[in-house]
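Topology and contacts: notes
Now for the letters of each chain:
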Amino acid sequence: MEETAYELVLEAGSKGILQSDLWKKLGVNSREGSRIAVKLESKGLARRVKELYKGRWTYRLYANKEEETPITWNTLNDCPCFTCITITRCGAAQPISPIKCQKLTNWIQKQIMDF
Ligand code: SF4
C-alpha cells in the first residue's frame with residue numbers, strides 16, 4: 001500500500017497531491033491514509049506541507065525524489081562514453097550502439113551494485 005501511495009505522490013510531480021485525494025485513490029479511510037502519509041514522510045520519501053483547502057487545513061504531499069536518487073557530477077565518474085574513441089559513430093540506430101555496448105552495460109551494472 002505504501003508503495004502504491006509513493007507512486008501516486010511521484011506521479012503528482014511538482015504540484016503534489018492532497019492527502020485526501022491520495023486516500024480516495026488508495027481506497028482507504030482518513031485514518032489509514034494519514035498513517036501511510038506519515039510513514040512516507042518518516043522514511044524520507046515524501047514531505048507533507050500544510051495547506052488551507054476549501055476552508056480546512058490539510059496536507060499536500062510532495063515526493064522527495066532528490067533524496068531517493070541523488071544526482072551529482074560524481075554519478076558520471078568513469079562513464080566509458082566520455083573517453084570512447086567510437087563515440088562519434090555510436091547511436092541507437094548505428095552498428096555501434098549504447099543498446100549493445102558491453103562497456104556501457106558493465107558500467108551501469110557497477111553503478112547499480114555500488115548504489
Ligand atoms: S555506448 Fe559504448 S560505444 Fe557508445 S560511446 Fe558509450 S562506450 Fe562508446
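Residues numbered from 1 in each chain as written. Predicted model: local features only at pLDDT ≥ 70, side-chain atom pairs only at ≥ 80, totals over all residues. Heavy atoms only, no water.

**Topic: helix α2 (residues 19-26)**
When α2 is considered as a whole, its buried residues turn out to be Gln19, Leu22, Trp23 and Leu26. An end-on view of α2 places all buried positions within 100° of arc, on one side of the element. Seen from the open side of α2, the exposed residues pointing more than 90 degrees away from its buried face are Lys24 and Lys25. Against the buried residues of α2 lie α1 (2-12), β1 (17-18), α3 (30-42), β2 (46-53) and β3 (56-63). With its phi angle positive at about 75°, Gly27 sits one or two positions after the end of α2. (Buried < 20%, exposed > 50% of the residue type's maximum accessible area, 1.4 Å probe, protein only. Helix = DSSP H or I, 4+ residues; strand = E, 2+ residues; numbered from the N terminus. Arc of directions from axis to C-beta. Contact = heavy atoms within 4.5 Å.)

**Let's talk about the packing of aromatic side chains**
One pass over the structure, following the stated rule, counts 0 aromatic pairs. Between the NZ or CZ atom of Lys50 and the centre of the ring of Trp57, over which it lies, the distance is 5.3 Å. (Phe/Tyr/Trp six-rings, centres within 6.5 Å; stacked < 30°, edge-to-face > 60°. Lys NZ or Arg CZ within 6 Å of the ring centre and 35° of its normal.)

**Comments concerning the pattern of salt bridges**
As enumerated under the stated definition, the model contains 5 salt bridges in all. Note that Asp21 and Lys24 form a salt bridge whose closest N and O atoms lie 3.9 Å from each other. Highlighted residues: Asp21 and Lys24, both in helix α2, separated by 3 residues, approximately one helical turn. With its nearest N and O atoms 3.0 Å apart, the salt bridge here joins Arg35 to Glu32. One end of the pair, Arg35, and the other, Glu32, are both in helix α3, 3 residues apart, so they sit about a helical turn from each other. What makes Glu32 partly exposed here is its relative accessible area of 28%. (Salt bridge = Lys/Arg side-chain N within 4 Å of Asp/Glu carboxyl O.)

Geometric descriptors of this kind do not, in isolation, establish any biological role.
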